[in-house]
Amino acid sequence: MFQRFSGNDGSLMNQTIRVRFAPSPTGKLHIGGARTALYNWAFARKNGGSFVLRIEDTDTERSTPENTAQIIRSLRWLGLSWDEGPDAGGSYGPYLQSERTAVYAAVLEQLKARGRVYPCFCTPEELEARREAAQAEKRYSGYDRSCRALSEAEVAERLARGTAHTWRLKLPLDRKTVDFDDLVFGQISVPMEQLDDFILLRTDGTPTYNFVVCVDDAQMRISHVIRGDDHLSNTPKQILVYEAMDTPPPAFAHLSMILGADGKRLSKRHGAASVEDWREEGYLSDALVNYLALLGWSLDGETSIMSRATLTSHFSLARVSRNPAVFDPEKLAWMNQVYLKALGASAFVDAWEPYLVHDGLATAGDIAERRAWFEAVYPLVVERIHTLGEVDEKTAYLFGGGTVALDEESVEKCLEPEGSLAILEAALALLGDEALCWDAEALEATLRTIPELLGLKPRQVFQALRVAVCGNRVSLPLFESMVLLGRDACVERLERAREFAG
RNA sequence: GGCCCGUUCGUCUAGCGGUUGAGGACACCGCCCUCUCAAGGCGGAGGUCACGGGUUCGAAUCCCGUACGGGCUACCA
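1. Overview of the domain arrangement of chain A
In terms of domains, chain A is made up of domain 1 (18–258), domain 2 (268–340), domain 3 (344–395) and domain 4 (400–502). Between domain 2 and domain 4, the C-alpha centre-to-centre distance is 42 Å.

If you want it as structure tokens, here you go:
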């Protein structure tokens, strides 16, 4: 699959598009990570390329297989699919960094053979002291390259003696800058004085991030690295690693950070910060994907509701914003309702079921048996909620049979005032008619006669009946609620309410 | 401290030198609808385009400073 695109030098060239999402399994999939994954996926799908999932689990302290499984679950829930990954296989594996140690060792050996790295025997304490001294004198505090000046004999001698050492990258001393053309940020230029011979392999033999990420991206033939802009400053270092490996670097596209309402980087402090959290609160993946797509990217500046298909047919890095974006839960909530309204009754009941079961309102068996009843609730409740998590609270009064919990304040305001008893009696009399058809239209037509009969305002009548039947002065539409409750339950509730009525 | 990056209504954004008296969306306000709450319809308020200099006939758009914010500056990723 070949695509023409503009290369770093501005020329057009043919290249297979391959992108990757490389999360570290140290926790759940975060909103920021989800957006990075989404943009990578959209870019790959739009350009007919491949999307690779690679797990960066080298931090054995914090990485767990559970987190990896959880991240994969979240990505799938979001509707993203990858062509290669730990679970999907592929010809550039393994896709777990913890299984790639031999690859890193081999590349390091090549770099040694080509004289692009050198051992450093400086201890952390020495480095720390020198760094502090440099900072005190306001000099660049990077490594002073002292071990780079060691003679071959001395190096051989220390190595033979088994002296603890790291391996550092030998930066070219004759360059002035490292330049690259970021697909989002544009031309970036960093002076070489700001870069030092950073460590590729630690004393304990483990490779560092800036090394492994290059090895992996190079070996996996990644064409475009799309990631958070916290890596923008690391990019020059990585370009130097590519040069040492004698491999052309991929194109880079950095995504600005997602912030909380306080302007700080989005985190748990801001409430739900992981995809899993939002799912549990009752957000639809379609809504989350749509919202995330627009957080830092726009189709045309006008469109706000769009499907994954639109995303994958129109996504473009050129339209990715450089400014950090503040995550706005209110807009997500609005968008979620838009998607809930488009869901349809059947899909809604499926999505609602876990909440019903969890809150003890119904069992899976009840739902299967009275499917139509649950589906009838949908059009009433959907325009009054933003998340699935709110549905049970809004509909709980429909489940009590002949009894309902009466809201104290509602009773006080709508049931206790004089005239309520007469309203209840009138309603009971009218509903006692066995011939009355128990549907919303008939109920409304019948009960509409009460205001005139008693000389009361419709509002007063219906609010009294609402509190008697629904237990609260705020509820789903009264007549439809009565239909869902059934005649017996309604009559019983009206009778019970009489003792509170004025 | 040094280096890199960013800065358009409260928020997400459109805008890539003139058709912009800066457009859309969320939130907000009002009206209509109405059995409550919503939803919906209509309308409104809200931006001296961070600030200061330039370049230009003309700048939100290009250049340079300043301020503010973020990132990197680790034997973290």
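2. Some thoughts on the packing of helix α12 (residues 345–358) against helix α14 (residues 371–381)
With their axes 9 Å apart at the nearest point, α12 and α14 run at an angle of 100 degrees to one another. Of the possible angle classes, the one that applies to α12 and α14 is roughly perpendicular. On α14, the residues that touch Ala345, Ser346, Phe348, Val349, Asp350, Trp352 and Leu356 of α12 are Arg371, Phe374, Glu375, Val377, Tyr378 and Val381. Looking at the contact of α12 with α14 residue by residue, the class counts come to nine nonpolar, one polar and three charged.

3. Re unusual backbone geometry
Residue Pro94 is bonded to the preceding Gly93 through a cis peptide linkage, with omega at -5 degrees. Inspection of the secondary structure assignment puts Pro94 in the loop between α2 (65–77) and α3 (101–113).

4. Focus on the packing of aromatic side chains
What describes a pair of aromatic rings is the distance from one ring centre to the other and the angle between the planes of the rings. Overall, the coordinates contain 13 aromatic pairs when judged by the stated rule. With 6.0 Å between their ring centres and 70 degrees between their planes, Phe180 and Phe252 make a pair best called edge-to-face. Placement of the pair is Phe180 in strand β7 (residues 177–182) and Phe252 in strand β11 (residues 251–255), with a sequence separation of 72 residues. Overall, the relative accessible area of 2% leaves Phe252 in the buried class. Arranged with centres 5.5 Å apart and planes meeting at 50 degrees, the rings of Trp278 and Phe327 form a pair that is tilted. Of this pair, Trp278 sits in helix α8 (residues 275–280) while Phe327 sits in the loop between β13 (325–326) and α11 (329–343); the two residues are 49 residues apart in sequence, bridging distant segments of the chain. Taken as a pair, Trp278 and Phe327 share a single burial class, namely buried. In textbook terms, an aromatic cluster arises when at least three aromatic residues are bridged by ring pairs, as seen for Phe348, Trp352, Trp373, Phe374, Tyr378 and Phe399. The ring of Phe198 has Lys237 sitting right over it, with the charged end atom 6.0 Å from the ring centre. The ring of Trp373 carries Arg370 above its face, with NZ or CZ at 4.6 Å from the centroid.

5. Some points on the side chain of Glu56
You can see Glu56 is positioned in the loop between β4 (50–53) and α2. Reaching out from Glu56, the side chain makes a polar contact with the side chain of Arg54 at a distance of 3.1 Å. Glu56 has contacts with Ala22, Pro23, Ser24, Pro25, Ser63, Gln97, Tyr209 and Val213, leaving out every residue within four places of it along the chain.

6. Some details on the pattern of salt bridges
On inspection of all chains with the given rule, the structure shows 31 salt bridges. As a salt-bridge pair, Arg18 and Glu84 come within 2.7 Å of each other at their nearest N and O atoms. Highlighted residues: Arg18 in strand β3 (residues 18–21) and Glu84 in the loop between α2 and α3, separated in sequence by 66 residues. A single burial state applies to Arg18 and to Glu84, both of which are buried. Of the charged contacts in the structure, one is a salt bridge between Lys28 and Asp277, with a shortest N-O distance of 3.9 Å. Of this pair, Lys28 sits in the loop between β3 and α1 (31–46) while Asp277 sits in helix α8, placing them 249 residues apart in sequence. The class for Asp277 is partly exposed, based on a relative accessible area of 24%. When salt bridges with common partners are traced through the structure, they connect Arg20, Arg54, Glu56, Arg100, Asp216 and Asp217 into a single cluster.

Reading guide: rules and limits
- Residues numbered from 1 in each chain as written.
- Chains lettered and ligands numbered in written order.
- Predicted model: local features only at pLDDT ≥ 70, side-chain atom pairs only at ≥ 80, totals over all residues.
- Heavy atoms only, no water.
- Domains from an automatic or database assignment.
- Axes fitted to C-alpha atoms, helices over the stretch in contact; angles between N-to-C directions.
- Helix = DSSP H or I, 4+ residues; strand = E, 2+ residues; numbered from the N terminus.
- Parallel < 35°, antiparallel > 145°, perpendicular 65-115°, else oblique.
- Contact = heavy atoms within 4.5 Å.
- Nonpolar A, V, L, I, M, F, W, Y, C, P; charged D, E, K, R; others polar.
- Phe/Tyr/Trp six-rings, centres within 6.5 Å; stacked < 30°, edge-to-face > 60°.
- Buried < 20%, exposed > 50% of the residue type's maximum accessible area, 1.4 Å probe, protein only.
- Lys NZ or Arg CZ within 6 Å of the ring centre and 35° of its normal.
- Polar contact = N/O pair within 3.5 Å; in protein donor to acceptor, adjacent residues only side chain to side chain.
- Salt bridge = Lys/Arg side-chain N within 4 Å of Asp/Glu carboxyl O.

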